[in-house]
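# Structural description and commentary
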Amino acid sequence: MSRRTHSRRILAAGSRLHALRAAGALLAGALLPVGALHAQDAPLRIPGLVVTATPVPTALSSLGTHVTVLTGEALRARGITRVSEALRAVPGVSVVRNGSYGSVTSVFFRGGESDYVQVLVDGVQVNQPGGSFDFSGLTTDAVERIEVVRGPASALHGSDAVAGVIHIITRDGAGAPPLTLDVTGGGHGERRASLSAAGGGGTASYSVTLLRHTGDGILAFNNGHENTVATGKAALRLGESTRAHLSGRIGERTYHFPTDGAGALVDRNQFTFSEESSFALELEHALVPRVQLRALVTAFAADGGTDDAPDGPADTLGFFGFQSLDSYRRSALDVRANVALAPGVTGTLGGEYESQRVRSFNESLSEFGPSTGRSANERDNRAGYLHLAAEHAGVSGNAGLRLEDNDAFGRFLTWQAGLSWRATPGLRLRAAAGRGIKEPTFFETFATGFTVGNPALDPEVSTSWEAGAEQQMLDGRVQVQATWFSQRFRDLIQFTFAPPTPGGANFFNVAAAEARGVEASASAVLGAWEVGVDATWLDTEVTDAGFDQGVGAAFVEGGALLRRPELVLGGALGWRPSPRLRLDAAVRRTGSREDRDFTAFPAEPVGLPAYTLVDLALTWTVRPPAGGGAGVELRAGLRNVGDADYQEVFGFRAPGRVLVLGGRVILDP
């Protein structure tokens, strides 16, 4: 048995179990009774409402926080296939990809760390415990909409919602095309194909999407990537007052990279791999007309790591082989009651129990002999929360509290409040504030060996406030908005090579930082033209560098946080001369950022220069999906039209100009 096969089998049993559970969710959606799918009741949908910012679906105009909603159909029409690419156009959001397609992709909200964003897929939290998340595997193929909520949301969603929440909601079956085949090909060997099936009505509906995405990468060798995903969703009305939602997702991806930590091409067989599955079951029941009960059961599993086998028989000097495997499990039960206390007033009382499990294994090969490490740790969290929402005479408000009781870090209280005022028929003023937390990672808490974790760590904490205004003109065809925000991050966890006590912990809550800025955007729909512009100005500052000091310090007191651009400007132009033809153009100017050069020790400070990207997309509907026939749509896109040479991480080149061709066939039997 090979070393690679043996190592993967260590975690295989748990991975297969969670994959089977998620597969069950997919099959449940696919095997709903045919008779039920043609019922004539109203679809189980909530159009025009946001489900992430408050405990109950709420109109966007009633929220005090800045929320952006991206629709999957609009993204696909513009040729956007990755969720990370869609987020680049959202004010206040910064996306950093570590080089080629398929590489680690991180998202920063309003200057916060990349692990300060909670990511939900159909209500399932898919972050690793401690907040880390790689966006490289998320595509737009099955997306109905993406809700982007800025500001602390821990009072409702718990840990990791420090700077915001991204909720990816997949398509329902009701109203969706019955069968869709979408194929895309482009430069660097990029190939993508997805097949979607959907059906149903008000009593029951289902949707299933299968995706396969591969590519060769932009580097000279060992830079391919693969991504395979199956997503399923079902909805069922169980009588007049009860309904159920079931969703599942299975994904597997690999990314080959020849680079070391400084971006040099040094390895021909190094790669990362990941297998993920998620599952959610949501039940809603109207106990009486004024009381609604809701229970949500979720499970998420991820198995993955890095594989760097010896390059060949002659590779026997120094450290010549390494593999790491990590297995994450998180499952949760959330139960809440929504009560209509008075006309326009709703109260929510809820509780959540979450279990987290992490197992890790690593093996290092060297001329001094092999060495291995293993660990298995767990922690549970209990939380209770209370929210209140009210609306009267054009004024809407909401407030919430949440008390966490965690096995590792004890009790913590988070809060949030928001206010929205319709000052005139076209003008809305809003404000919000809150406190969010991010729990320590398992490694920071439980590590043993050369690095020692600290069980006494507290969560990292953010306190934030924002104020904004939105103006609509010409019957809503023109919209302008601006938001000022300010965030304070404290108790940031840092590593030290020199523990205060010999053999003691290496991690402590010691650092602090601040971020403030402005998010602004304007959009207009004028006949066949759609125009949009956006801008983000961001000012970050390290207020306490903690243990970091010297030339290569990542935190420099008074300095800016790394890889956060001070200014980002964007524009989009859409032209639809006929119902069958659409042309889109987008431009984005990303300002200079600070980074570190890791080719030497200590790492030298470097500046990443500003760059501008221009993208074009053309969509032609050859035949609309009507009259029981097949609809046909053709697409062409040109990314990075100017072939800009830029880096989002120092030492790692980003893709240049790429031509993309694709099409979609919609079958309506």
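Up top you'll find the structure we're talking about.
Taking strand neighbours across the sheet as the criterion, the five strands line up as β3-β8-β9-β6-β7 in an open arrangement whose pairing is mixed. Each end of this open sheet is capped by a strand with a single partner; those strands are β3 (67-71) and β7 (124-125). With five bridges connecting them, β3 and strand β8 (residues 143-150) associate as antiparallel partners. Residue pairing in the sheet places Thr71 in a bridge with Arg145 of β8.

With that settled, the discussion passes to unusual backbone geometry. For the bond from Phe601 to Pro602, the omega torsion is 0°, close enough to zero to count as cis. For Pro602, the location among the structural elements is in the loop between β29 (593-597) and β30 (604-608). Phi at His188 is positive, roughly 60°, even though this residue is not glycine. Mapping His188 onto the fold places it in the loop between β10 (179-186) and β11 (190-200).

Here we take up the nonpolar core. One finds Leu87, Ile146 and Ile166 to be the most contacted residues of the largest nonpolar core, which totals 45 residues. Not counting residues up to four positions away in its chain, the partners in contact with Ile146 are Thr68, Val69, Leu70, Leu75, Val83, Ile166, His167 and Ile168. Core analysis: the second largest hydrophobic core is formed by nine residues, Val50, Leu63, Val67 and Ala153 among them.

The next thing to look at is the pairing of strand β20 (residues 395-406). Burial along β20 is one-sided: Ser396, Asn398, Gly400, Arg402, Glu404 and Asn406 are buried, and none of Val395, Gly397, Ala399, Leu401, Leu403 and Asp405, which face the opposite way, are. Counted between consecutive antiparallel strands, the loop separating strand β19 (residues 371-392) from β20 contains two residues, among which Ala393 sits at a positive phi close to 50°. The sheet contact formed by β20 and strand β21 (residues 410-424) spans 12 bridges and is antiparallel. By the bridge assignment, Gly400 is partnered in β21 with Gln416. Linking β20 to β21, which pair antiparallel, is a turn of three residues.

All right, on to the pairing of β11 then. Bridge count between β10 and β11: eight bridges; the pairing is antiparallel. Paired with Leu181 across the two strands is Leu195, which belongs to β11. From the end of β10 to the start of β11, which pair antiparallel, there are three residues, and His188 there has a positive phi angle of about 60°.

Within the secondary structure, Ser360 is located in strand β18 (residues 345-366). Distance from Ser360 to Thr65, taken between C-alpha atoms, is 39 Å for residues 295 residues apart in sequence. When near neighbours in sequence (up to four residues on either side) are disregarded, Ser360 contacts Leu325, Asp326, Gly373, Arg374 and Ser375. Polar contacts involving the side chain of Ser360 include one to the side chain of Asp326, which spans 2.7 Å.

It is worth spelling out the side chain of Ser464 at this point. Relative to the assigned elements, Ser464 resides in strand β23 (residues 460-473). Look at Ser464 and you get buried, because its relative accessible area is 4%. Looking at Ser464, its side chain comes within polar contact range of the main-chain oxygen of Ser486, at 3.3 Å. Here Ser464 is in contact with Pro152, Ala432, Ala433, Gly434, Ser486 and Gln487, once residues within four sequence places are set aside.

On to the packing of aromatic side chains. The description of two aromatic rings rests on the distance between their centres and on the angle between their planes. Applying the stated criterion to the full structure yields 14 aromatic pairs. Ring plane angle 55° and centroid distance 5.5 Å describe the contact between Tyr116 and Phe489, whose orientation is recorded as tilted. Note that Tyr116 is positioned in the loop between β5 (105-109) and β6 (117-121) and Phe489 in strand β24 (residues 478-495), a separation of 373 residues in sequence. Using a relative accessible area of 1% as the deciding quantity, one classes Tyr116 as buried. Ring centres 6.0 Å apart and planes at 5° place the aromatic pair Tyr255 and Phe257 in the stacked group. Since its relative accessible area comes to 10%, Tyr255 is described here as buried. The ring centre of Phe221 lies 3.9 Å from the NZ or CZ of Arg268, which sits over that ring.

It is worth spelling out the pattern of salt bridges at this point. Evaluation of the coordinates by the stated rule reveals 46 salt bridges. Between Asp122 and Lys233 there is a salt bridge, with the nearest N and O atoms lying 3.5 Å from each other. One end of the pair, Asp122, is in the loop between β6 and β7; the other, Lys233, is in strand β13 (residues 225-237), and 111 residues separate them in sequence. On the basis of relative accessibility, which here comes to 14%, the residue Asp122 falls in the buried class. The partner of Lys233 in a salt bridge is Asp172, and the shortest N-O contact between them spans 3.4 Å.

Cut-offs applied
Residues numbered from 1 in each chain as written. Predicted model: local features only at pLDDT ≥ 70, side-chain atom pairs only at ≥ 80, totals over all residues. Heavy atoms only, no water. Pairing = 2+ DSSP bridges. Helix = DSSP H or I, 4+ residues; strand = E, 2+ residues; numbered from the N terminus. Core = buried A, V, L, I, M, F, W, Y, C linked by side-chain atoms within 4.5 Å. Buried < 20%, exposed > 50% of the residue type's maximum accessible area, 1.4 Å probe, protein only. Contact = heavy atoms within 4.5 Å. Polar contact = N/O pair within 3.5 Å; in protein donor to acceptor, adjacent residues only side chain to side chain. Phe/Tyr/Trp six-rings, centres within 6.5 Å; stacked < 30°, edge-to-face > 60°. Lys NZ or Arg CZ within 6 Å of the ring centre and 35° of its normal. Salt bridge = Lys/Arg side-chain N within 4 Å of Asp/Glu carboxyl O.

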